[in-house]
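One letter stands for each residue in the lines below.
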Amino acid sequence: MCSEKTEQPRKRALSCIQPSGIPTLGNYLGALKNWVAMQEDFEGIFAVADLHAITVRQEPAKFRQQIYSAYALLLAIGLDPQKSTVFIQSHVPQHTQLSWLLSCYTQFGELSRMTQFKDKSARHADNINAGLFTYPVLMAADILLYQPDFVPVGADQKQHLEIARDIAARFNGLYGEVFRVPEPYIAKAGAKVMSLQDPEKKMSKSDENVNAYISMLDSREEIIRKFKRAVTDSEAVVRVAPEKAGISNLIGIYSVITGKSTEEIEREFDGCGYGTFKTAVGEVVADELAPIRERYDQLMKDKAYLEENFRQGADRAAYMATKTLRKAAKKIGFVL
Ligand code: AMP
Ligand code: TRP
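So, how was this worked out
- Residues numbered from 1 in each chain as written.
- Chains lettered and ligands numbered in written order.
- Predicted model: local features only at pLDDT ≥ 70, side-chain atom pairs only at ≥ 80, totals over all residues.
- Heavy atoms only, no water.
- Core = buried A, V, L, I, M, F, W, Y, C linked by side-chain atoms within 4.5 Å.
- Buried < 20%, exposed > 50% of the residue type's maximum accessible area, 1.4 Å probe, protein only.
- Helix = DSSP H or I, 4+ residues; strand = E, 2+ residues; numbered from the N terminus.
- Domains from an automatic or database assignment.
- Contact = heavy atoms within 4.5 Å.
- 1 Å grid on protein atoms, 1.4 Å probe; cavity = no way out; pocket = protein on both sides within 12 Å on 5 of 7 lines; lining within 4 Å.
- Points joined across faces, edges and corners; volume = space filled by probe spheres on them.
- Nonpolar A, V, L, I, M, F, W, Y, C, P; charged D, E, K, R; others polar.
- Near = heavy atom within 4 Å.
- Polar contact = N/O pair within 3.5 Å; in protein donor to acceptor, adjacent residues only side chain to side chain.
- Areas by Shrake-Rupley, 256 points an atom, 1.4 Å probe, with all protein chains shown as cover.
- Buried area = accessible area lost by both parts, 1.4 Å probe.
- Salt bridge = Lys/Arg side-chain N within 4 Å of Asp/Glu carboxyl O.
- Sits in = over half its atoms within 2 Å of the grid points.

### A look at the nonpolar core
Consideration 1: Counting 57 residues, the largest nonpolar core has Leu25, Tyr28, Ile214, Phe227, Ile253, Phe277 and Val285 as the members making the most contacts within it.
Consideration 2: Going through the elements one at a time, α1 (25-38), β2 (43-48), α3 (60-76), β3 (85-88), α9 (220-228), α10 (245-258), α12 (274-300) and α13 (303-332) are the ones with two or more residues in this core.
Consideration 3: For this core, the element with the most residues is α12, which contributes twelve residues.
Consideration 4: Two domains share this core, each providing at least three of its residues, namely domain 1 (12-190 + 303-332) and domain 2 (210-297).
Consideration 5: Sequence-distant contacts of Tyr28, defined by excluding residues within four places in its chain, comprise Lys33, Ile77, Met216, Glu288, Leu289 and Ile292.
Consideration 6: Ile45, Leu132, Ala140 and Val153 belong to the second-largest nonpolar core, a separate cluster that totals 39 residues.

Set out below in structure tokens:
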């Protein structure tokens, strides 16, 4: 008897990153590194979320540069545009189209509860625009258009993912199974890398203090210098504890990069001062980021190569997105 091997279609993973500055070590460990790991076993769909970035004011020339830079970084970390669909959000107009439809299925009240909206409107009090408020609806559209199974993000995006799931379930409840309701994929380690200057705050590329974050393009010297200056405590014992947020954060970073457990790390640095430990963390981070920076520099010299890839990525994405958008529009009753 011949046993026919039926090939299971690969599950889909989708995620995006805003081109609002050079990504940090937080973006890398919380999200990007997982995207690369997932691309082997999943059908990956990854985008530069440029539409999201204009919810805060961007300087045009710098913004354009940052979009190229974010795209180049996605390739530099190892996303393969042949294996995965890697594109720029605004090149696929279905995102804004579905976003409008979904906004009519999203309540004012649920958007008002979003912590990122509250944080960002406090930080940009002079520009609390409607886009900042409806941002999670656009993010829901980014996701739902592609029917993904998983959305790999850092812990800060959990609430946005929940609202995307709620919108999908609500729509499906009214019209039948239009959208797949995706699962968040939040890795245990690295999901929330904290600021090096204020370990109660997440590491963010928009922090005004450059010592608070490691940019993925920082030089080896900068990386080590920033880790040496990282805020810690006065106990001088390398161990994880709630009251030792600074050291716990550094242990977390060292652990995700080396694959060593907390216990192994505590043993390895038993009796060492913070100086030794901080340098060790700086070194492993610098070693991890160096080859990425090298590939990034090469890619940024070849705009034509980037353009060819993001155009192809957008074509592939638009093909998938159109199917879902039409299905949703038809269910609502639009004449197609
Ligand atoms: P953003 O830079 O806001 O576009 O975020 C891109 C991805 O990085 C999202 O999945 C975030 O959840 C993740 N991310 C951002 N900051 C951090 C952080 N400090 N620690 C872990 N993940 C993060
Ligand atoms: N809002 C996300 C962030 O700030 C970026 C993002 C936009 C995203 N669209 C997405 C993440 C879709 C996952 C899926 O990090």
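### What about the layout of surface pockets?
Consideration 1: Roughly 1400 Å³ of internal volume is contained in the largest pocket.
Consideration 2: Secondary-structure elements contributing two or more residues to the lining of the largest pocket are β1 (12-17), α1, α3, α6 (115-123) and α7 (130-144).
Consideration 3: Looking at side-chain class alone, the lining of the largest pocket contains 17 nonpolar, 18 polar and 15 charged residues.
Consideration 4: Taken as a whole, the second largest pocket spans an internal volume of roughly 200 Å³.
Consideration 5: For the lining of the second largest pocket, the element with the most residues is α7, which contributes four residues.
Consideration 6: Among the residues forming the lining of the second largest pocket, the class breakdown is four nonpolar, eight polar and no charged.

### Some details on the site of ligand 2
Consideration 1: With respect to spatial proximity, 13 residues lie near ligand 2, and among them Gln18, Tyr135, Met139, Asp142 and Gln157 are the closest.
Consideration 2: A distance of 3.0 Å separates an oxygen atom of ligand 2 from a polar side-chain atom of Gln18.
Consideration 3: A distance of 3.2 Å is found between a nitrogen atom of ligand 2 and a side-chain nitrogen or oxygen belonging to Gln157.
Consideration 4: Relative to its unbound accessible surface of 360 Å², ligand 2 loses 90% to contact with the protein.
Consideration 5: Going through the elements one at a time, β1 and α7 are the ones with two or more residues in the shell around ligand 2.
Consideration 6: Counting residues per element, the shell around ligand 2 draws most heavily on α7, at four residues.
Consideration 7: When the residues that make up the shell around ligand 2 are grouped by side-chain class, the tally is eight nonpolar, four polar and one charged.

### Comments concerning the domain arrangement of the protein chain
Consideration 1: If you check the domain split of the protein chain, you get domain 1 (12-190 + 303-332) and domain 2 (210-297).
Consideration 2: Computed over C-alpha atoms, the centres of domain 1 and domain 2 are 30 Å apart.
Consideration 3: The interface is formed by 15 residues belonging to domain 1 together with 15 residues belonging to domain 2.
Consideration 4: Where domain 1 abuts domain 2, roughly 1300 Å² becomes buried across the two surfaces, and 75% of that area is made up of carbon and sulfur atoms.
Consideration 5: On inspection of domain 1 and its partner domain 2, the count reaches one salt bridge.
Consideration 6: Salt-bridge contacts for Lys33 lead to Glu288; the nearest nitrogen and oxygen are separated by 3.1 Å.
Consideration 7: Counting the contacts that link domain 1 with domain 2 gives six residue pairs in polar contact (both at pLDDT 80 or more).
Consideration 8: Among the secondary structure elements, those contributing two or more residues to the side of domain 1 that touches domain 2 are α1 and α3.
Consideration 9: In terms of residues, the side of domain 1 that touches domain 2 owes the most to one element, α1, which gives five residues.
Consideration 10: Residue composition of the side of domain 1 that touches domain 2, grouped by class: eleven nonpolar, three polar and one charged.

### As for empty space enclosed by the protein
To find leftover empty space, a probe the size of one water molecule is rolled over the atoms.
Consideration 1: As enumerated under the stated definition, the model contains two cavities of 30 Å³ or more in all.
Consideration 2: A volume near 40 Å³ is recorded for the largest cavity.
Consideration 3: Around the largest cavity sit Met114, Gln116, Phe117, Lys120, Leu132, Tyr135, Pro136 and His160, which together line it.
Consideration 4: Those elements that place two or more of their residues in the lining of the largest cavity are α6 and α7.

### Quick word on the site of ligand 1
Consideration 1: Lining the immediate environment of ligand 1, one finds 17 residues, of which Gln18, Gly154, Asp156, Val193 and Lys205 sit closest.
Consideration 2: Residue Gln18 places a main-chain N or O atom 2.9 Å away from an oxygen atom belonging to ligand 1.
Consideration 3: Across the complex, the protein chains shield 93% of the 490 Å² of accessible surface that ligand 1 would expose by itself.
Consideration 4: Of all the cavities here, the one that holds ligand 1 is the largest pocket.
Consideration 5: With four residues, the single largest contributor to the shell around ligand 1 is α1.
Consideration 6: Looking at the shell around ligand 1 residue by residue, the classes come out as six nonpolar, seven polar and four charged.

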